[in-house]
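Chain residues, written in single-letter form:
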Amino acid sequence: MTVSRFFAFFAAILLVASGTALAQTNEFPQPNCEEISTESYSNGFQSGCARAIIGQQLLIHNADALAKAVANSFHIGPSLIEPAGLEGISADEAAARLTRGTSLLITPAADVATATPTPKWNAWINGKYTWNNNGDENFDLDGPLWNGLGGIDYKLADKVTLGVLGSYESSDLDGIGVETNSEGWGAGPYLGIVLTENIVFSANVLGSLVDTKQTGPLHFDSERIQATAALNGYWYKDTWRLTPGVSVSWSKEWMEEKSDAAPDQDVEVALLTPTVQIGNTLRLSERASVEPWAGAALDWTFINEIEQDGSPDVDDPNTDLRVQAGLNFGFGSNTQLSLTGEAGGLLLDEIDTYSGEANLAIQF
């Protein structure tokens, strides 16, 4: 697939999401979480606003972590493979790369060398810590969000992997006169497919049970479904990597208030996120390498809705920019460690986020 076709496919996704947004503009104007303010705690909307903020961060983490998991499963990373194989390079350059200990995946069209066999199983774990700094418009809710993912997948074919993952989340947000604590567990399947030499598809569905408590009698039990699909490209030039990508993610949470102190709520969040990363692989030893990289992500939250019986819906779409940097380590041919730092909220006045993330994967 050419670069033009790659981005043409993304444009089709954008048109579908734009149609959803345009349809919403025909509705009457609705309140949003910024307008609810600290003077309106009694209406109970602060619960849904907090859950929407957390749900957005979880969707971002799921999309990023899943892309890493699938890339590692197919041995895409520093000192592991170049999706384009050995086409287009000289015999001297191919020999030099091989003598550096780099394992290369050779595409079927290339007959310069024999493909390096890869393990069938891939096990991984990913943890992320996010500090949320909300303004008064978002109830001044400040505090941490811990969320972790772990999974294992098996290659059904050279270009198809199928796996299961589990999740854990915990939040502790304190605001003006209100505190929100939550904890939840989840599980679901995921899929990875190498579509072309350079483009990889990943997708997952995750079901979770969440317990949320707030200052006072408010106590919600939630059932939540999340789904994510992403396309990521991997283009290499010498030791440099360019990875454009796009993901679409959706979440729906049904919150049941257990103390009857407030109505039940439904929270729905959906994001469209184009991303880009640039990295350069450096050799550390005969068996180890590191890839410093930097990137950015634009999060268009085109659905950010809270429904509550007896009240108008809260609808608060927004757009945000995140910047990222990290180190991707490769150890031998079957172990990868990724460390990532990120700052978000660059286009939002009401919230800033700062996060650190670690990902460890092993193939066998």
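Rules and cut-offs
- Note on numbering: residues in each chain are counted from 1, in written sequence order.
- Where totals are concerned, whole chains, interfaces and linings use all residues; where local detail is concerned, this predicted model gives features only for residues with pLDDT of at least 70, and gives and counts side-chain atom pairs only at 80 or more.
- Excluded from the side-chain calculation are hydrogens and water; included are all heavy atoms of the structure.
- Counting from the N terminus, the helices are DSSP H or I runs at least four residues long and the strands are E runs at least two residues long.
- Each residue is placed in one exposure class: buried if its accessible area under a 1.4 Å probe, protein chains only, is under 20% of its type's maximum, exposed if it is over 50%, and partly exposed if it falls in between.
- Exposure was quantified through the Shrake-Rupley algorithm and a 1.4 Å probe, taking into account, for residues, occlusion by the shown protein chains and nothing else.
- Working definition of a nonpolar core: buried Ala, Val, Leu, Ile, Met, Phe, Trp, Tyr and Cys residues. They are joined through side-chain atoms within 4.5 Å.
- Residue contacts follow a heavy-atom distance rule, with two residues in contact if any of their heavy atoms lie within 4.5 Å.
- Only protein atoms enter the 1 Å grid used here. Points where a 1.4 Å probe fits but cannot escape make up a cavity, open sets with protein on both sides within 12 Å along at least five of seven lines make up a pocket, and a residue lines them when an atom lies within 4 Å of a point.
- Grid points are joined across faces, edges and corners, and a volume is the space filled by probe spheres set on the points.

Novice: Before we go on, may I ask you to explain the overall build of the protein chain in this structure?
Specialist: On a plain count of helices and strands, the protein chain comes out with 4 helices and 15 strands. Every one of the 364 residues in the protein chain was classed for burial, and the buried ones make up 50%. When the accessible surface of the protein chain is totalled, it reaches about 15800 Å², and 61% of it is carbon and sulfur.

Novice: Is there a simple way to think about unusual backbone geometry in this case?
Specialist: Trans peptide bonds make up most of the peptide bonds, and negative phi angles are found at most residues other than glycine. Even without glycine at this site, histidine 75 takes up a positive phi of about 60°. With a relative accessible area of 4%, histidine 75 lands in the buried category. For aspartate 238, which is not a glycine, the phi torsion comes out positive at approximately 55°.

Novice: Which parts of the structure should I look at to understand the nonpolar core?
Specialist: By size, the foremost hydrophobic cluster in this structure holds 16 residues, and its most contacted members are Trp124 and Val200. Mapped onto this core, the elements with two or more residues apiece are helix H3 (45-73), strand E4 (179-194) and strand E5 (199-214). The element best represented in this core is H3, accounting for 5 residues. Excluding anything up to four places from it in sequence, valine 200 contacts Val70, Phe74, Ile76, Ile193, Val194, Ala230, Leu231, Asn232 and Tyr234. Judged by nonpolar contacts, the second largest core, of 15 residues, contains Leu59, Phe220, Met255 and Ile306.

Novice: Help me understand empty space enclosed by the protein in this model?
Specialist: It is a probe the size of a water molecule, rolled over the atoms, that shows where empty space is left. Per the counting criterion, the structure on display carries 5 cavities of 30 Å³ or more. Of the pockets and cavities examined, the largest cavity occupies roughly 530 Å³. What lines the largest cavity is a set of 36 residues, among which Asp64, Ala67, Lys68, Tyr234 and Gln277 lie closest to the centre. At the level of elements, H3, strand E6 (219-233), strand E8 (240-257), strand E9 (265-280), strand E11 (288-308), strand E13 (318-331) and strand E14 (335-344) are the ones that each hand at least two residues to the lining of the largest cavity. In terms of residue count, the dominant contributor to the lining of the largest cavity is H3 (8 residues).

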